[in-house]
Amino acid sequence: MTREREITEPVDLCLPDGRLNPAAVGWSRRPLHRANLRGWGRTKRWEYWGIVTPTHIVGLVASSLDYAGVHSVYVLDRRTGVETNKEAVVPFARRALFPTASGAGRVRAAGGGLSIDIDQRPDGSTIRATTPGVQVDLEAPLPAEHESLGVVVPWDTRRFQYTVKDLGRPVRGTLWVGDTAYPISAKDSFGVLDHGRGRWPYAIRWNWAAGSGPGRSIQLGGRWTDGTGSTENALFVDGRLHKIGADLTWRYDRTDWLRPWRITGDRVNVEFHPFHERVARTNLGVVANETHQCFGHFTGWAQTDDGERTDLDGLVGWAEEARNRW
């Protein structure tokens, strides 16, 4: 069990020399860190929005690895299993824009036939993306008293990551695939934001699972946080965050990704049942990525801070393994 400090006031992520600010290490219920990153080559910035509707799953990535921007627009038709995917690698992340704070400012990424434009405001975010065959035009309102999980993960004073996992955001708007428009209603659709800013080791592997349903969300991570004294694990009930400080055990079959996954630990007993596997690979020589992201349903339970078990049956989302050399 970790002993993480809750941060309640705004704080700079880095010291003036670019090293990790010790006062920034901990977790928060809303974005409080300013990512005043310095240095080049190991700095990573990204915004990921995953959107789940009754008919589709949408994934939008805008990222900068310093020496390259890696952006993508992904759509899965849940009824047919048909994927639409467009990826772009932009040298030196030209034309990409990333604000220093989550939830404030504009995110932009363009190149290779795709564009992503996210406008973040105190009352919510506007999410737009275009690529041949796909157009996304969504609003993600920020409900009153809604909490998200912000965590700083310290490998050492020069390698560290600040992440915000914001789950269960209502989304509304329109998704176009080809010539067909699909209205998206906040009554039965939700979004998940993964905001990342940090300076990373060259090689890393992580697990991530996120699932949401009416009044409940679960956020689980693994491997990349092991041994750091931090976790990115949390349960959300009616928008309230319950921080889970234990490292988790992940069990899944790397020869058959569609078999059930088990994720267990103190206050967590989850089984994930995939219905679709997405495989994403990038190989630029010394830079490479392989991600197996499975979409599916959750069963099981997680405990709130007061020890009450919350039923997670029926939550929809994903579980993934990612391996990076970057």
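Residues numbered from 1 in each chain as written. Predicted model: local features only at pLDDT ≥ 70, side-chain atom pairs only at ≥ 80, totals over all residues. Heavy atoms only, no water.

Enquirer: For this particular structure, what's the right way to read the side chain of E232?
Expert: Positionally, E232 belongs in the loop between strand 18 (216–222) and strand 19 (233–237). A relative accessible area of 2% means that E232 is categorised as buried. Within the structure, E232 has its side chain in polar contact with the side chain of W224 (distance 3.0 Å). When residues no more than four places from it in sequence are discounted, the contact partners of E232 are L149, V151, T163, K165, N207, W208, Q219, L220, G221 and W224. (Helix = DSSP H or I, 4+ residues; strand = E, 2+ residues; numbered from the N terminus. Buried < 20%, exposed > 50% of the residue type's maximum accessible area, 1.4 Å probe, protein only. Polar contact = N/O pair within 3.5 Å; in protein donor to acceptor, adjacent residues only side chain to side chain. Contact = heavy atoms within 4.5 Å.)

Enquirer: Just to check I follow, could you spell out the sheet that holds strand 10 (residues 124–131) for this structure?
Expert: Working definition: the strands of a sheet are paired by backbone hydrogen bonds and lie parallel or antiparallel to each other. An order of 8-9-10-11-14-15 is seen for the six strands of this open sheet, with the pairing classed as antiparallel. Edge positions in the sheet fall to strand 8 (105–111) and strand 15 (180–184), since each has one partner strand and no second. Pairwise comparison of adjacent strand axes, ignoring direction, gives a mean angle of 10 degrees for this sheet. By the bridge criterion, eight bridges tie strand 10 to strand 11 (residues 134–141) in an arrangement that is antiparallel. Looking across to strand 11, one finds that S125 is bridged to A140. (Pairing = 2+ DSSP bridges. Axes fitted to C-alpha atoms, helices over the stretch in contact; angles between N-to-C directions.)

Enquirer: I would appreciate a short explanation of the pattern of salt bridges in the present structure.
Expert: When the charged atoms of two side chains with opposite charge come close together, those side chains can pair. Under the defined criterion, the tally for this structure stands at 21 salt bridges. As a salt-bridge pair, R106 and D117 come within 2.4 Å of each other at their nearest N and O atoms. Pair noted here: R106 is in strand 8 and D117 is in strand 9 (residues 114–121), with a separation of 11 residues, a long-range link. On the basis of relative accessible area, R106 is assigned to the partly exposed category, the value being 40%. Each of the salt bridges in this network shares a partner with another, and the network as a whole consists of E6, R29, E147 and R240. (Salt bridge = Lys/Arg side-chain N within 4 Å of Asp/Glu carboxyl O.)

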